[in-house]
Amino acid sequence: MTEEVVITDQDDLIINVGPQHPSTHGVLHLVITLNGETVKKVEPHLGYIHRSIEKMCESLTYRQFIYTTSRMDYLSSHINNHCCAMCVEKGLQVEVPPRAQVIRVLMDELTRLASHQLWWGALAMDVGALTPFFLAFREREMINDIMEETCGTRLTMNYMVPGGVMADIHPNFQRRVHEFLAHFKRKIDEYDELITDNIIFQNRTKGIGFISKEDAISYGMSGPSARGSGVQCDIRKLYPYEVYDKLQFKEIIESGGDCFARYMVRMKEMKQSMSIVEQLIDNIPEGDFQAKTKNVLKLPKGEFYSRVETARGELGVYIISEGGTTPYRIKFRSPGYSNLSALDHMTRGQKIGDMVAIMGTLDLVIPDIDR
Amino acid sequence: MWSLQNIADKVHDWLYLTFNPTLAMLFEFVIIGALAIGLFAMLGLILIYMERKVSAWMQLRLGPNRVGPKGIFQTMADTLKLIVKEGMTPDGADKLLFHIAPFLVMIVAMVVLAPLMFAKGFQIWDINIGVFFITAVSSISVIGVLMAGWASNNKYSLLGAMRSGAQIVSYELSAGLSILAVIVLTGSLKLSDIIASQENGWWIFKGHLPVWIAFVIFIIAVTAETNRAPFDLAEAESELTAGFHTEYSGMKFALFFLAEYVNIFVVCALGATLFLGGWMPLHFGTNTQFNKVMDYIPSVVWFFGKTFFLIFVIMWFRWTFPRLRIDQLLHLEWKYLLPISMINLLLATLIAIMNWHF
């Protein structure tokens, strides 16, 4: 990639956005160079919430380390746990019972819905409309209640364990999911009326923060942010795991490459997730919810990798094992980090207000970037 | 019948009978000043409470509900907190300008209350250029905002202040032109004359298309002029944290906050006066029975009812729309609102000359 080198002259205004700033959604620090209202350069500074999760995992057993990953991308904690559990299962060569597989996919999709709802509210808040945030939380609360019943927690789930899930679903689970689906099907049209069809919102997002398909690939973007530029990167389709290959769904791709395309991808993904949940909720097979595993897990010597599609993109877990009870080294490939790296490319030449909208459509979760 | 005009006249007569004219005038000044400050404080309390309740209602929340019945004393508690809070002055701030700015903004907001007609015959100063006075004086507040932004020695504040300057200067044009449409039809800048001209129907009803267009443009322009969402770029929270008042705390911040709400009241009162007939009751042609019932409602209720209706509309905007970008904001003004209101003014003039209005 060749990019023009920005020479900071004396007329430029350099502003520190963050670590405490309403639109960075966490402790992200951006040093932006401005020419009036126009952004010339954005330089993200990371590390404000670095907890060295990867290093910590080296001294935790294969059952324990999964719990730290709930704290990475806390909005898709189920999916993070899922990826780690899958990686350990690969090493142990354990077959997950069908019931556990379906429960896992159900939980993943509900998490994706909850995460996208929060993103929708936060994006609307970034572009200046405060009310949608509360509407989004009304629906998200229902999912949180469902999670609370089955997993016992509302944010950091720790529900997926090597070999299946920690406990069976709550007896109310199916009824409440049906209630939620019936409710949200009506409300998502309200979302469209309020924000998607709003002329101000369309002006704020159409043609803003453009990134081409080639650039998106070279920056390593993934998830809805990349699919907005027409990149095929849905892990659920490309490398199906659990029961995704038996489900009826299409990869959602928009070719716009701008903020509005990324917005539409996520809006359609919400509808898609609902349809996936609908396909599975009445067809949960009977059986065990957990495969029999030893009390102390030992992975054979070797390297194991698993990847899943989180709400933000591709999450990879890479474990190097020396044959002991703890991993020798763990590396997480987090989607937010690569997506953030494209921020500078997208933002150059845009206004400050656009930068906020672009960050909103990238759906950054800072603990996921820093780990 | 009970009316504010009678009370004002009685006080006036009593003062001039009891004291010599100079002293009586002095007493009147004091009373008016106290009333203006009282109104200012009351408006701050009521409008902030109203904003919080309206936003809560739109956002599935309850709003303030702890201090006093239904939380009506919440604003007072907040004000008390702001009064006892330390007023911080940042290093490197231009101390003089930094301290003057909130007071300038507040004084402007208070001065423009003068020509408003709150009820039948109840007005502080029936100046013959009333509307012009309001538009002229209210534009001084941008100087206060610029002073605050510049003196804070903060880049966010500076950006906010510059935005505010560009915004208020441009939107004043279409606000002024839309006001002119009514002035042309009325033929007077005096607020009492404008209200009197609407005795047989408000301008919004008898002014045809030009007044409707002028009304819509007026509402958009004053929303921008008072820095309210969706035009709140000066304090765009998600971009500039708090814009021009980022560095203000305690009572100085509260003064900006109060001035904002009083400005909203003033522009809505002006809108109610120009387009909705001020304190004039709603009359339907020759339906005398209906008109009589309407006349029983005191004029002050009519005035405040219309004003608060417009304030509600402006609050409704704020809690519904996303914010515009600065260039889109200026495009909207210079490419759409200004040409439309210019043509609209010509139309209004034509109607006034040909006497086509009712």
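Residues numbered from 1 in each chain as written. Chains lettered and ligands numbered in written order. Predicted model: local features only at pLDDT ≥ 70, side-chain atom pairs only at ≥ 80, totals over all residues.

**With respect to the overall build of chain B**
The secondary structure content of chain B amounts to 15 helices and two strands. Rg of the C-alpha trace for chain B: 21 Å, near the compact-globule value of 21 Å for 358 residues, within the 12% margin. Long-range contacts, defined as pairs at least 24 residues apart, comprise 79% of the intrachain contacts of chain B with a sequence gap of at least 6. (Helix = DSSP H or I, 4+ residues; strand = E, 2+ residues; numbered from the N terminus. Rg over C-alpha atoms; globule rule 2.2 N^0.38 Å. Contact = placed C-beta atoms within 7 Å.)

**Overview of the packing of helix α6 (residues 141-151) of chain B against helix α7 (residues 155-186) of chain B**
Residue and element names in this part refer to chain B. For the pair α6 and α7, interaxial distance at closest approach is 7 Å and the crossing angle is 165°. Taken as axis vectors, α6 and α7 run roughly antiparallel relative to one another. Of the two possible hands of crossing, α6 and α7 adopt the one that is left-handed. Contact residues: α6 offers Val142, Val145, Leu146, Ala148, Gly149 and Trp150, while α7 offers Ser157, Leu158, Gly160, Ala161, Ser164, Gly165, Ile168 and Val169. Residues belonging to the contact of α6 with α7 are distributed by class as follows: nine nonpolar, five polar and no charged. (Axes fitted to C-alpha atoms, helices over the stretch in contact; angles between N-to-C directions. Parallel < 35°, antiparallel > 145°, perpendicular 65-115°, else oblique. Left-handed = near helix turned anticlockwise from the far one by under 90°. Nonpolar A, V, L, I, M, F, W, Y, C, P; charged D, E, K, R; others polar.)

**Some thoughts on the interface of chain A and chain B**
At the junction of the two partners, chain A supplies 26 residues and chain B supplies 22 residues. When residues of the side of chain A that touches chain B are traced back to their parent elements, those giving at least two are β1 (13-17), α4 (98-126), α5 (131-151), α7 (199-205) and α14 (352-362) of chain A. Residues of the side of chain A that touches chain B, tallied by class, amount to 13 nonpolar, seven polar and six charged.

**As for the pairing of strand β7 (residues 314-321) of chain A**
All names here are of chain A. Where strand β6 (residues 302-309) and β7 come together, eight bridges link them in antiparallel fashion. When the bridges of β7 are listed, Phe304 appears paired with Ile319. Between β6 and β7, which pair antiparallel and follow one another directly, the connecting turn spans four residues, one of which, Gly313, has a positive phi of 150°. Relative to strand β8 (residues 329-333), β7 is paired through five bridges, and the arrangement is antiparallel. Across the sheet, residue Ile320 finds its bridge partner in β8, namely Arg329. (Pairing = 2+ DSSP bridges.)

**Re the confidence of the model for chain B**
Residues and elements named next belong to chain B. Predicted confidence across chain B gives a mean pLDDT of 84, with 98% of residues reaching 70 or more. Ranking the elements of chain B by mean pLDDT puts helix α11 (residues 237-240) last, at 74, and helix α14 (residues 299-318) first, at 88. The complex prediction reports pTM at 0.86, with the ipTM value standing at 0.81. (pLDDT = per-residue confidence, 0-100.)

**Digging into the sheet that holds strand β3 (residues 38-45) of chain A**
Residue and element names in this part refer to chain A. With respect to topology, three strands assemble into an open sheet ordered β1-β2-β3, the strand pairing being antiparallel. Strands at the two margins of the open sheet, each flanked by one partner only, are β1 and β3. Each strand of the sheet is rotated relative to its neighbour by a mean of 20°, with strand direction disregarded. Relative to β3, strand β2 (residues 29-35) runs antiparallel, the two sharing seven bridges. Each residue of the ladder has a partner; that of Asn35, found in β3, is Thr38.

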